[in-house]
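Working through the structure, step by step
Here are the chains, one letter per residue:
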Amino acid sequence: MVIGGPRRRTVALGCQRWGSIPWRPGVRNTVILLGCLGGPESLTWHFLFFRSSLSVEMSMILSASVIRVRDGLPLSASTDYEQGTGMQECRKYFKKLSRKLAQLPDRCTLKTGHYNINFISSMGVSYMMLCTENYPNVLAFSFLDELQKEFITTYNMMKTNTAVRPYCFIEFDNFIQRTKQRYNNPRSLSTKINLSDMQMEIKLRPPYQISMGELGSANGVTSAFSVDYKGAGKISSAHQRLEPATLSGIVAFILSLLCAALNLIRGFHAIESLLQSDGEDFNYIVAFFLGTAACLYQCYLFVYYTGWRNVKSFLTFGLICLCNMYLYELRNLWQLFFHVTVGAFVTLQIWLRQAQGKAPDYDV
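Bear in mind the structure is a predicted one, so any value in this text is a computation, not a measurement.

Quick look at the nonpolar core
Judged by nonpolar contacts, the single largest core of 29 residues is most densely connected at V66, L75, Y127, M129, F143 and F151. Breaking this core down by element, the ones donating at least two residues are β7 (61-68), β11 (125-132), α2 (137-154), α4 (173-183) and α6 (196-204). For this core, the element with the most residues is α2, which contributes eight residues. Counting residues in hydrophobic clusters, the runner-up holds 21 residues, among them L101, L104, C108 and L215.

Focus on the pattern of salt bridges
All told, the structure shown has six salt bridges when counted by the stated rule. For the salt bridge of R107 with E201, the shortest nitrogen-to-oxygen distance reads 2.2 Å. Placement of the pair is R107 in strand β9 (residues 107-112) and E201 in helix α6, with a sequence separation of 94 residues. For R107, a relative accessible area of 1% puts it in the buried group. Residue class for E201 comes out buried when judged on its relative accessible area of 11%. With its nearest N and O atoms 3.1 Å apart, the salt bridge here joins R182 to E146. Of the two residues, R182 is situated in helix α4 and E146 in helix α2; the sequence distance between them amounts to 36 residues.

With respect to the state of the cysteines
According to the stated counting rule, one finds zero disulfides in the structure shown. Here C295 stays free of any disulfide, with the sulfur of C259 as its closest cysteine sulfur at 5.1 Å. Judged by its relative accessible area of 4%, C295 is buried. The thiol of C323 is unpaired, and the distance to the nearest cysteine sulfur, on C295, comes to 8.7 Å. Residue classification places C323 among the buried positions, given a relative accessible area of 6%.

Focus: the packing of aromatic side chains
Applying the stated criterion across every chain, the model contains 14 aromatic pairs. Ring centres of Y127 and F151 lie 5.9 Å apart, and the angle between their planes is 70°; on these two criteria the pair is classed as edge-to-face. Pair noted here: Y127 is in strand β11 and F151 is in helix α2, with a separation of 24 residues, a long-range link. By relative accessible area, Y127 is classed as buried at 0%. Judged by centre distance (6.2 Å) and plane angle (70°), the rings of Y155 and F172 are edge-to-face. One end of the pair, Y155, is in the loop between α2 and α3 (157-162); the other, F172, is in the loop between α3 and α4, and 17 residues separate them in sequence. Exposure remark for Y155: the relative accessible area of 9% places this residue in the buried category. Taking relative accessible area as the criterion, F172 reaches 3% and is therefore assigned buried.

Focus on the confidence of the model for the protein chain
Averaged over every residue, the pLDDT of the protein chain is 75; residues scoring 70 or more account for 69%. Below pLDDT 50 for its whole length, residues 1-57 participates in 90 contacts with residues either more than four positions away or in separate chains. Between residues 358-364, whose pLDDT stays under 50, and residues either more than four places distant or in other chains, the model counts 21 contacts.

Looking at the packing of helix α9 (residues 282-303) against helix α10 (residues 309-326)
For the pair α9 and α10, the least separation of the axes is 9 Å and the interaxial angle reads 155°. Here α10 runs roughly antiparallel to α9, going by the angle between their axes. The crossing of α9 and α10 is left-handed. Contact residues: N283, Y284, A287, L290, G291, A294, C295, Y297, Q298, L301 and F302 in α9; R309, K312, S313, T316, F317, L319, I320, C323 and Y326 in α10. For the contact of α9 with α10, the class distribution of residues is 13 nonpolar, five polar and two charged.

Examining a nonpolar patch on the surface
Residues L274, F282, V286, L290 and L319 make up a contiguous nonpolar surface patch of about 380 Å² in total accessible area. At three residues, the largest contribution of residues to the nonpolar patch is made by α9. Position of F282 relative to the elements: it lies in helix α9.

Topic: helix α8 (residues 247-275)
Given 3.6 residues to a turn, an α-helix orients residues that are three or four positions apart in the same direction. Taking 1.5 Å of rise per residue, 29 residues should cover 42 Å, and α8 covers 43 Å from first to last C-alpha, within 8% of that figure. Of all the residues in α8, the buried ones are G249, A252, S256, C259, A260, N263, G267, A270 and S273. If you follow the buried residues of α8, they end up packed against α9 and α11 (333-352).

As for the sheet that holds β7
With mixed pairing, the six strands of this open sheet are ordered in space as β8-β7-β11-β10-β9-β12. Where the open sheet ends on each side, the last strands, each with one partner, are β8 (74-77) and β12 (208-210). Taken over all neighbouring pairs, the strand axes of this sheet differ in orientation by 20° on average, direction set aside. Relative to β12, β9 runs parallel, the two being bridged by three bridges. Following the sheet pairing, L110 is matched in β12 by I210.

Rules and cut-offs
Residues numbered from 1 in each chain as written. Predicted model: local features only at pLDDT ≥ 70, side-chain atom pairs only at ≥ 80, totals over all residues. Heavy atoms only, no water. Core = buried A, V, L, I, M, F, W, Y, C linked by side-chain atoms within 4.5 Å. Buried < 20%, exposed > 50% of the residue type's maximum accessible area, 1.4 Å probe, protein only. Helix = DSSP H or I, 4+ residues; strand = E, 2+ residues; numbered from the N terminus. Salt bridge = Lys/Arg side-chain N within 4 Å of Asp/Glu carboxyl O. Disulfide = S-S within 2.5 Å. Phe/Tyr/Trp six-rings, centres within 6.5 Å; stacked < 30°, edge-to-face > 60°. pLDDT = per-residue confidence, 0-100. Contact = heavy atoms within 4.5 Å. Axes fitted to C-alpha atoms, helices over the stretch in contact; angles between N-to-C directions. Parallel < 35°, antiparallel > 145°, perpendicular 65-115°, else oblique. Left-handed = near helix turned anticlockwise from the far one by under 90°. Nonpolar A, V, L, I, M, F, W, Y, C, P; charged D, E, K, R; others polar. Patch = residues over 30% accessible without salt bridge, like charges linked within 9 Å, V, L, I, M, F, W, Y side chains within 5 Å. Areas by Shrake-Rupley, 256 points an atom, 1.4 Å probe, with all protein chains shown as cover. Expected span 1.5 Å × (residues − 1). Pairing = 2+ DSSP bridges.

Okay, structure coming up:
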């Protein structure tokens, strides 16, 4: 831009490109006066335009997602800030992390160049966010903590466990967007939340730093994620807690106890008949007591976490079916249908009730 006159002054405004930072119309730009060069006859003012670049100048949250831990199903998500190459790469990392959430600690950070991915997991649900590399950790995890509390308050565990379609809680995006706007405006945020507790929590138990090597392992070995680090190790399977029992789970537990009691009573009657020499087959006694043991073991699997828990529940259900097939002559169709249906119902509840992460207060 040139301003003519008797004493010509040339003002350099960077026109299309200054250095490696392009001028982008429609994007907020900041003009910084660097200085003036030249004499009185030719005064050149140099200005430099700095675009509010997502990866360099600005510190902000870009997007957030809510994901189910056991299978990586996305439950809700916000829209991305921009569609650049870096964002495309970060979406790939989101997908990889979603498939490995069950193997990872409950609070982690992944650094991907100019962006960071942070997430926390609790009660079978993970809350993941993408931010610029210079966004403060305390604000990032405070943001995730707010998402977690609101999601737990809004949706019960039964809905999240039985969801089959991706983004079936997309209406939660409204809360994500509002919260993201608050956390991207630190001036209005500083008077609304107290960050001292989160600062102390991160200091006592910092997030686990995921390396690219761990994320890119093709064989899915979990040992790389189960290493001990300061305050963020995974809970051992012997002390793993399960998600809170739902009403349907409690009903299934009671019905399984009822089936066990019925099998036990019929087993004792079969023993009495055998002792009275009524021609009772000894194999019937074995089938009744095996059915009792299978029902009780299903109750145990529903209450406690063990290794290969789902496989054990399916095998136990198969044993219940075999016992009832053998007892076909001693039971009518309704009794057989009741025992098999209860066994299938309990197996489903065992599969739905998965291990949970740390409690919302992180036990700090």
